[in-house]
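# Examination of the molecular architecture
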Amino acid sequence: MLRIKNINTFYGKAQALKNVSLHLAQGEIVTLIGANGAGKTTLLNSLSGVVPPRSGEILFQNVPIHALLPHQIVRLGISQVAEGRQVFKPFSVDDNLELGAYLSRKFLGGKDKARQKKEFVYHLFPQLHERKNQLAGTLSGGQQQMLAIGRALMAEPKLLLLDEPSMGLAPMIVQEIFRVIAALSRENKTTILLVEQNAKAALKLAHRGYVLENGRMILEGSAAELLENKDVQRAYLGKDKKEIWER
Amino acid sequence: MNIWDAAHECMSRDELEQLQLERLQAVVNRAYKNVKHYRKVFNDQGIVAEDIRSLADLTRLPFTTKEDLQRNYPYGMFAVPLREVVRIHSASGTTSKPIVVGYTKNDIKTWANLAARFMTAAGVTHDDVIQITFRYGLFTGAFGIHYGAEAIGASVIPMGTGNTDKQIMIMQDYKTTVLVSTSGYALALAERMEELGVDPQSLSLKIGLFGGEPWSEKMRAEIESRLYLKAMDNYGVSEVLGPGVAGECSFRKGLHIYEDAFLPEIIDPETGRTLPPGAEGELVLTTLIREANPVIRFRTGDITRLDYAPCECGRTLARMERVARRCDDLLIIRGVNVYPAQIEEALFSAAGGEIPYQIVVDRKGAMDSLSVVMEVTERIFFTDLQKQKAFLEAVRKRITSVTGIQVEVRLVEAQSLPRRQGKIQKILDKRNI
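All values reported here derive from a predicted model rather than from experimental measurement. (Residues numbered from 1 in each chain as written. Chains lettered and ligands numbered in written order. Predicted model: local features only at pLDDT ≥ 70, side-chain atom pairs only at ≥ 80, totals over all residues. Heavy atoms only, no water.)

### Focus: the overall build of chain A
- On a plain count of helices and strands, chain A comes out with 12 helices and 10 strands.
- Along the first, second and third principal axes, the C-alpha atoms of chain A reach 55 × 40 × 35 Å.
- In chain A, which comprises 247 residues, the proportion classed as buried is 53%.
- Restricting the contact set of chain A to residue pairs at least 6 apart, pairs at least 24 apart contribute 67%.
- Taken as a whole, chain A presents about 10700 Å² of accessible surface, with 52% of it coming from carbon and sulfur.
- Across chain A, the centroid of the 33 positively charged side chains sits 4 Å from that of the 23 negatively charged ones. (Helix = DSSP H or I, 4+ residues; strand = E, 2+ residues; numbered from the N terminus. Buried < 20%, exposed > 50% of the residue type's maximum accessible area, 1.4 Å probe, protein only. Contact = heavy atoms within 4.5 Å. Areas by Shrake-Rupley, 256 points an atom, 1.4 Å probe, with all protein chains shown as cover. Lys, Arg positive; Asp, Glu negative; His and termini not counted. Charge placed at Lys NZ, Arg CZ, Asp CG, Glu CD.)

What follows is the structure, encoded as structure tokens:
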């Protein structure tokens, strides 16, 4: 459903992505792992049009999107949940979700549809339902992350881009978030591209993965293969394994 | 259907090409980062990984030859530290030093799954009893098929080579359904059964997986009619993996190359130029998922052609024609790869210098034989018969230790080997395969 070929993305003169290619099949969870600064977030931003690639090709359901603007890309069915749980803090949970439905109301079948979607989100995250009238700013970190994901789901994405959903959260909460991601893929057939520092958890959830290093793709493989790969273990699965860390 | 990994074996060409590009880019990045040889070659030739933007760009990269692998003996081509290598095999080189091939844990798993593909395609299932008559050891043949069989869940009898009578006894008693051997050994088994009065029809044999050496359709027909099994071909390259590079499906119209794991090309062996699909030439392989030992554009020396037309079996993978010959002077004797240069080196070092000689390969019955005929010269002239015997024995041992196969060594009179324009034809292959 998504196919990226040879994209090169720059921040000014600094090249953040070098000739990167990647694909996602319908219904897949694919994780992108790599160290800080490897280019993971840049790749998501290139996909969503926030930082368009300078060259290369991105096809989403056979439509080239690398030259489109972010709102056009959202309309095609790609939603990004940015790093750092960016919710509208002074608004209630319910209003936050309504804002996410802006698109679906305008293009995808009006208020009823929006209500339906909201019910679906509350079903996925019962904790949000319990707090639907609470201000987003008063939610815990984990709940804010759920809200951020929930809001993205209101646009009925075919492809969901998740940027470090586990960042700064307690392990229990991370488990909960990952459970929902798995459910989304299973029940809703949503295709998911997951960027994670927590490579182990991400690989346990994902079907396949890619490893980025200094803006270059150095590995593609099934999640099981990557979990067993010593380069991945050395770099991303904890440096406590000294015997493999020292080369 | 007899397909082990439909997700990869039946991918649309379009999807496959995207996956190949991603994997090619990753392997080039990794090889440059981790393998000194590739870093040096790329730097010397001004190649950067970003040059690879399509599969066609592969031609911008230099070939990897057997000599490159030999120069980096033993561990120079590894892309991972030795402690991550769980297995070390070897392939024949053109010198006394072999080529070292390493496998990580993942590589072994990959190998098992690739071998399981051609075995499944040949009809092997978890109900089968598989008798492996390849040598277990530094050679890759036995292990690859052993792992493939275990992945499928079949019962493996790891016989190893030789002891033909015992092989036949086990085949009878254990009710072997799948025979794994060289094509020559299959016929040797048939012959021995005849001598012993064992009726092959009384056996449980169903399938024969033959590889390790070129064998003709004529041989296939003979094996099938004498052993009452379906004889299937598979193809491996020790330098890149072992068995599990390609294998026949039930339609037997060429061997499906596992293109998600190996990117094949056909080149003109003389000029190195890439040839269009369908043309006959030397097979060149780039590993796409090997961890320990990635190889870029390895020249296999095998002559074949590729057919990209869809196959009736449902696989979308290209098919290579069965390999009948090579573009170098490699001799394949009873499934073992032997370079004449290896023999020459062993010979000259035993003789203490150059001597006139001829390598003779023949087929007696079903089995290949190798002999080396030397002309007596001053250097190896013995009045003492005892000494002459000792010398011949020393030569024989040395050649056997380097090549791994038995050889017969003979001395003949000076100037008695046939010469053409004053030169001895160094290799005489009398087999008519």
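Structure's up, so let's keep going.
### Focus: the domain arrangement of chain B
All names here are of chain B.
- You can read the domains of chain B as domain 1 (1-326) and domain 2 (331-432).
- On a C-alpha basis, the centroid separation for the pair domain 1 and domain 2 is 31 Å.
- Counting residues at the interface gives 19 residues for domain 1, matched by 16 residues for domain 2.
- Here domain 1 meets domain 2 over a buried area of about 1400 Å², counting both sides, of which 56% is carbon and sulfur.
- Where domain 1 packs against domain 2, one counts 0 salt bridges.
- Counting residues per element, the side of domain 1 that touches domain 2 draws most heavily on helix 8 (residues 183-196), at 5 residues.
- Here the side of domain 1 that touches domain 2 is composed, by residue class, of 6 nonpolar, 8 polar and 5 charged. (Domains from an automatic or database assignment. Buried area = accessible area lost by both parts, 1.4 Å probe. Salt bridge = Lys/Arg side-chain N within 4 Å of Asp/Glu carboxyl O. Nonpolar A, V, L, I, M, F, W, Y, C, P; charged D, E, K, R; others polar.)

### Some remarks on the confidence of the model for chain B
- Put simply, chain B has an average pLDDT of 93, and 99% of its residues get 70 or more.
- ipTM for the predicted complex: 0.89, alongside a pTM of 0.89. (pLDDT = per-residue confidence, 0-100.)

### Quick notes on helix 7 (residues 141-153) of chain A
All names here are of chain A.
- Across its 13 residues, helix 7 extends 19 Å between first and last C-alpha, which sits within 8% of the 18 Å expected from 1.5 Å per residue.
- Counted residue by residue, helix 7 has 12 buried out of 13 residues, so it is predominantly covered.
- G142, Q143, Q144, Q145, M146, L147, A148, I149, G150, R151, A152 and L153 are the residues of helix 7 that are buried. (Expected span 1.5 Å × (residues − 1).)

### Focus on the domain arrangement of chain A
Residues and elements named next belong to chain A.
- Examined at the domain level, chain A breaks down into domain 1 (1-77 + 157-169 + 190-247) and domain 2 (84-156).
- Listed as interface residues are 11 residues of domain 1 and, on the opposing side, 11 residues of domain 2.
- Taken over both partners, the interface formed by domain 1 and domain 2 buries close to 890 Å², and the fraction arising from carbon and sulfur atoms is 70%.
- On the domain 1 side of the interface with domain 2, the three residues burying the most area are R75, P157 and L169, jointly 47% of the side's total.
- Summed over the shared surface of domain 1 and domain 2, the result is 0 salt bridges.
- Between the two partners, domain 1 and domain 2, sit 1 residue pair in polar contact (both at pLDDT 80 or more).
- When contributions to the side of domain 1 that touches domain 2 are tallied by element, the ones reaching two or more residues are helix 2 (70-76) and strand 7 (159-163).
- Residue composition of the side of domain 1 that touches domain 2, by class: 7 nonpolar, 1 polar and 3 charged. (Polar contact = N/O pair within 3.5 Å; in protein donor to acceptor, adjacent residues only side chain to side chain.)

### Observations regarding the packing of helix 10 (residues 340-351) of chain B against helix 11 (residues 385-403) of chain B
Residue and element names in this part refer to chain B.
- The contact between helix 10 and helix 11 brings their axes to 9 Å, and the two run at 145 degrees. Note on packing geometry: the crossing formed by helix 10 with helix 11 is right-handed. Contact residues: helix 10 offers Q342, I343, A346, L347, S349, A350 and A351, while helix 11 offers F391, V395, R398, I399, V402 and T403.
- Here the contact of helix 10 with helix 11 is composed, by residue class, of 9 nonpolar, 3 polar and 1 charged. (Axes fitted to C-alpha atoms, helices over the stretch in contact; angles between N-to-C directions. Left-handed = near helix turned anticlockwise from the far one by under 90°.)

### Considerations on the sheet that holds strand 12 (residues 298-304) of chain B
- What the 4 strands build is an open sheet, ordered 10-11-12-15 (chain B); its pairing is antiparallel. Both edges of this open sheet fall to strand 10 (262-267) and strand 15 (325-326) of chain B, since each of them pairs with a single strand only. (Pairing = 2+ DSSP bridges.)

### A look at the nonpolar core
- Ranked by internal contacts, the top residues of the largest apolar core, which has 73 residues, are V28, M119, V124, I130, L209, Y235 and M320 of chain B.
- Once you skip the residues sitting within four places of it in the chain, L209 of chain B turns out to touch F118, M119, A122, V124, V178, L179, V180, S181, M232 and N234 of chain B.
- By size, the runner-up hydrophobic cluster in this structure holds 37 residues, among which are V87, L139, I177 and L194 of chain A. (Core = buried A, V, L, I, M, F, W, Y, C linked by side-chain atoms within 4.5 Å.)

### Some thoughts on the sheet that holds strand 8 (residues 191-196) of chain A
Residues and elements named next belong to chain A.
- Ordered in space as 6-7-8-3-9-10, the 6 strands form an open sheet in which the pairing is mixed. Looking at which strands have only one partner, the edges of the open sheet turn out to be strand 6 (78-81) and strand 10 (216-222). Direction aside, the axes of adjacent strands within the sheet are offset by 15 degrees on average.
- Relative to strand 9 (residues 208-213), strand 3 (residues 29-33) is paired through 4 bridges, and the arrangement is parallel. Among the inter-strand pairings, L32 is bridged to a residue of strand 9, identified as Y210.
- Where helix 1 (residues 40-48) meets the sheet, it contacts strand 3, strand 6, strand 7, strand 8 and strand 9, and its direction lies at approximately 150 degrees from that of strand 7.

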